[in-house]
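Single-letter residue listing:
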Amino acid sequence: MISIISLIVVLIFAAIVRYAIDSSKTSKKLDVLIKEVHYLKTEIKKLQHHKQQDSSKNIIDEKV
């Protein structure tokens with residue numbers, strides 16, 4: 001009997017925690033943050049690629 005009551009209490013506690021997490025909308029905010037970080041990484045890679053191309057052009061111009 002005690003095990004059934006403790007199981008019910010644990011399930012209720014889990015439901016309360018789950019509801020609190022869902023209502024705080026942190027998962028949606030986290031998704032937006034992950035997308036923004038991914039966008040920034042691609043922008044940094046583009047900038048580094050353009051910077052490398054510019055520096056290689058300067059080396060070619062100096063040799064000519």
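Since the structure is predicted, the reported quantities are computational estimates derived from the model, not experimental observations.

A.B. asks: Go over the overall build of the protein, please, and point to the residues and values.
C.D. replies: Counting secondary structure elements, the protein contains two helices and zero strands. The buried share among the 64 residues of the protein stands at 0%. When the accessible surface of the protein is summed, it comes to about 6500 Å², and 69% of that surface belongs to carbon and sulfur atoms.

A.B. asks: So, the pattern of salt bridges: which residues are in play, and what are the values?
C.D. replies: Tallied over the full model, the rule gives one salt bridge. Linking Lys-46 and Glu-43 is a salt bridge whose minimum nitrogen-to-oxygen distance equals 3.9 Å. Here the residue Lys-46 and the residue Glu-43 both occupy positions in helix α2 (residues 26-63), the gap between them amounting to three residues, near one helical turn. Overall, the relative accessible area of 27% leaves Glu-43 in the partly exposed class.

The rules we used
Residues numbered from 1 in each chain as written. Predicted model: local features only at pLDDT ≥ 70, side-chain atom pairs only at ≥ 80, totals over all residues. Heavy atoms only, no water. Helix = DSSP H or I, 4+ residues; strand = E, 2+ residues; numbered from the N terminus. Buried < 20%, exposed > 50% of the residue type's maximum accessible area, 1.4 Å probe, protein only. Areas by Shrake-Rupley, 256 points an atom, 1.4 Å probe, with all protein chains shown as cover. Salt bridge = Lys/Arg side-chain N within 4 Å of Asp/Glu carboxyl O.

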